[in-house]
Amino acid sequence: MPNDVAWPEKLREFHNHHFDSTIWNDFPFRNDDIVISTYAKSGTTWLQQIIAQLLFPGCEGMEVAEMSPWMDLRIPPKEVKLPEVEAQTHRRFMKTHLPVDALVYSPLAKYIYIGRDGRDVVWSMYNHHANANDIWYGALNDTPGRVGPPIEKPVDDVRLYFQEWLENDGYPWWPYWENIHSWWEIRQLPNVLFLHFADMKADMGREMRRVAGFLDISIDEEKWPQMMEYCSFQYMKANATKSVPLGGAFWDAGAEVFIHKGQNGRWRDILAAEDSRAYEDRAQKELGAECAHWLANGGITN
Ligand code: A3P
């Protein structure tokens, strides 16, 4: 590990209906840990499936959601989650949705970040939110320890939902721009890999091989076709209960709600030109031209 690197430091805690960032303060890292990070609705579950296949080539029926917990989700609480992760004997691959400055950053672990255009994120999020059942609201709002307001039912109009999200920086979830920006700022660190949802869609095999190279995993070429199949949208949708948290219990229609369409650009026919312009202007202002371009289009950045 290079020792002349300025490693990120934790500067704050982050709590809301979903988050308890303090779990990272008590987390003993191992040298080969993998941390998967996104703002949310950006291909997290897809990358969890990819990494499960890289670690266990061609293995079918893995309980990937259990193998790869969302660390900073406050349910179940850290007292339950930490010992479970500690007991894992395989190479660990955990998920986070925190900005860098709310994490405890380990120089030993490897971090993979996925970006996705905010308009695609909101379209995915709306489906996630609008289909959530009372179990979801109860878990997030009534489990003791919530900080801040409860999460309410969404408005009945995805365009309005998008406008509120943009105007109120991530409402009712969490700020978008700081998440993208904080990860973008550290993309050149030796233990960070940047992916983009659009690149994963364009050529999943190429992106899987980039991930394998970054994680020092050699590909079992005989198993490769099987691995590709198990990471495909069709397979993941048909087998969503394995990869989606709690087997999809938070949605009456089940885990398939979570693996919804797997497409970008569904907003194009619904958002007005001025909505998109407002988003693009904001992206430029918050992120600068280079990062905003990457976020909208993908492409290799590190
Ligand atoms: P959509 O809601 O746009 O369909 P996350 O896991 O970060 O919550 O992201 C969920 C999004 O990733 C959903 O997007 C889901 O369909 C998509 N996704 C999951 N697995 C995928 C796959 N194998 N191929 C394409 N998209 C996938």
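Each remark here, short or long, concerns the structure printed above.
Quick summary incoming for the structure in this document.

Scoring rules and cut-offs
- Residues numbered from 1 in each chain as written.
- Predicted model: local features only at pLDDT ≥ 70, side-chain atom pairs only at ≥ 80, totals over all residues.
- Heavy atoms only, no water.
- Phe/Tyr/Trp six-rings, centres within 6.5 Å; stacked < 30°, edge-to-face > 60°.
- Helix = DSSP H or I, 4+ residues; strand = E, 2+ residues; numbered from the N terminus.
- Buried < 20%, exposed > 50% of the residue type's maximum accessible area, 1.4 Å probe, protein only.
- Lys NZ or Arg CZ within 6 Å of the ring centre and 35° of its normal.
- Pairing = 2+ DSSP bridges.
- Near = heavy atom within 4 Å.
- Polar contact = N/O pair within 3.5 Å; in protein donor to acceptor, adjacent residues only side chain to side chain.
- Areas by Shrake-Rupley, 256 points an atom, 1.4 Å probe, with all protein chains shown as cover.
- Nonpolar A, V, L, I, M, F, W, Y, C, P; charged D, E, K, R; others polar.
- Axes fitted to C-alpha atoms, helices over the stretch in contact; angles between N-to-C directions.
- Parallel < 35°, antiparallel > 145°, perpendicular 65-115°, else oblique.
- Left-handed = near helix turned anticlockwise from the far one by under 90°.
- Contact = heavy atoms within 4.5 Å.
- Salt bridge = Lys/Arg side-chain N within 4 Å of Asp/Glu carboxyl O.

### Some remarks on the packing of aromatic side chains
Counting across every chain of the model gives 32 aromatic pairs. With a centroid separation of 5.3 Å and an interplanar angle of 10°, the aromatic rings of Tyr113 and Trp183 are classed as stacked. Of this pair, Tyr113 sits in strand 3 (residues 110-115) while Trp183 sits in helix 7 (residues 177-185), and the two are 70 residues apart along the sequence. Exposure class is identical for Tyr113 and Trp183. Each is buried. Positioned over the ring face of Phe258 is Lys41, at 3.6 Å from the centre of the ring.

### A look at the pairing of strand 3
The buried count for strand 3 comes to six of six residues, which makes it a mostly enclosed element. Neither face of strand 3 is exposed, since Lys110, Ile112 and Ile114 on one face and Tyr111, Tyr113 and Gly115 on the opposite face are all buried. The pairing of strand 1 (residues 34-37) with strand 3 spans four bridges and is parallel. What sits directly across from Ile34, in strand 3, is Lys110. Inspection of the sheet shows strand 3 paired to strand 4 (residues 192-196) by five bridges, in the parallel sense. Each bridged residue has a counterpart across the sheet, and for Tyr111 the counterpart in strand 4 is Val192.

### Points about the site of the ligand
Close contacts around the ligand come from 20 residues, with Thr44, Thr45, Ser124, Lys261 and Gly262 the closest. One of the side-chain nitrogen or oxygen atoms of Thr45 is found 2.4 Å away from an oxygen atom of the ligand. Contact distances for the ligand include 3.0 Å between a nitrogen atom and a backbone N or O atom of Cys231. Contact with the protein chains hides 99% of the accessible area of the ligand, taken as 580 Å² for the molecule alone. For the shell around the ligand, the secondary structure elements donating two or more residues are helix 1 (44-55) and helix 11 (233-238). The element best represented in the shell around the ligand is helix 1, accounting for three residues. Of the residues belonging to the shell around the ligand, the class tally is seven nonpolar, nine polar and four charged.

### A word on the packing of helix 4 (residues 118-130) against helix 6 (residues 158-167)
For the pair helix 4 and helix 6, the least separation of the axes is 10 Å and the interaxial angle reads 120°. Considered as vectors, helix 4 and helix 6 are oriented oblique to each other. When the axes of helix 4 and helix 6 are compared, the crossing they make is right-handed. Across the interface between the two elements, Gly118, Arg119, Val122, Trp123, Met125, Tyr126 and His129 from helix 4 touch Val158, Tyr161, Phe162 and Trp165 from helix 6. Split into classes, the residues belonging to the contact of helix 4 with helix 6 amount to eight nonpolar, two polar and one charged.

### Considerations on helix 9 (residues 204-214)
Side chains that are three or four residues apart share a direction in an α-helix, a result of its 3.6 residues per turn. Among the eleven residues in helix 9, eight count as buried, and that is most of the element. Of the residues making up helix 9, those classed as buried are Met204, Gly205, Glu207, Met208, Arg210, Val211, Ala212 and Phe214. Next to the buried residues of helix 9 lie helix 1, strand 3, strand 4, helix 8 (197-202) and helix 10 (224-230). In the segment just after helix 9, Asp216 is the residue with positive phi, at about 60°.

### Structural notes on the pattern of salt bridges
The full count for this structure, using the stated rule, is 17 salt bridges. Of the charged contacts in the structure, one is a salt bridge between Arg159 and Asp275, with a shortest N-O distance of 2.6 Å. Placement of Arg159 in helix 6 and of Asp275 in helix 13 (residues 273-287) is noted, with a sequence separation of 116 residues between them. The class of Arg159 is partly exposed, set by a relative accessible area of 29%.

### A short note on the side chain of Gln49
Relative to the elements of secondary structure, Gln49 occurs in helix 1. We classify Gln49 as buried; its relative accessible area is 9%. Those residues in contact with Gln49 that sit more than four places away from it in its chain are Val64, Tyr230, Cys231, Tyr235, Met236 and Ser243.

### Description of the sheet that holds strand 2 (residues 93-96)
Ordered by their spatial adjacency, four strands build an open sheet running 2-1-3-4, and the pairing between neighbours is parallel. Looking at which strands have only one partner, the edges of the open sheet turn out to be strand 2 and strand 4. Geometrically, the sheet is characterised by an average inter-axis angle of 20° between neighbouring strands, direction not taken into account.

### Considerations on the side chain of Asn133
Relative to the elements of secondary structure, Asn133 occurs in the loop between helix 4 and helix 5 (134-142). Since its relative accessible area comes to 7%, Asn133 is described here as buried. Here the side chain of Asn133 touches Ile135 through a polar contact of 3.1 Å, landing on its backbone nitrogen. Here the side chain of Asn133 touches Ala249 through a polar contact of 2.9 Å, landing on its backbone oxygen. Leaving out residues up to four positions away in the same chain, Asn133 has contacts with Ala249, Phe250, Trp251 and Asp252.

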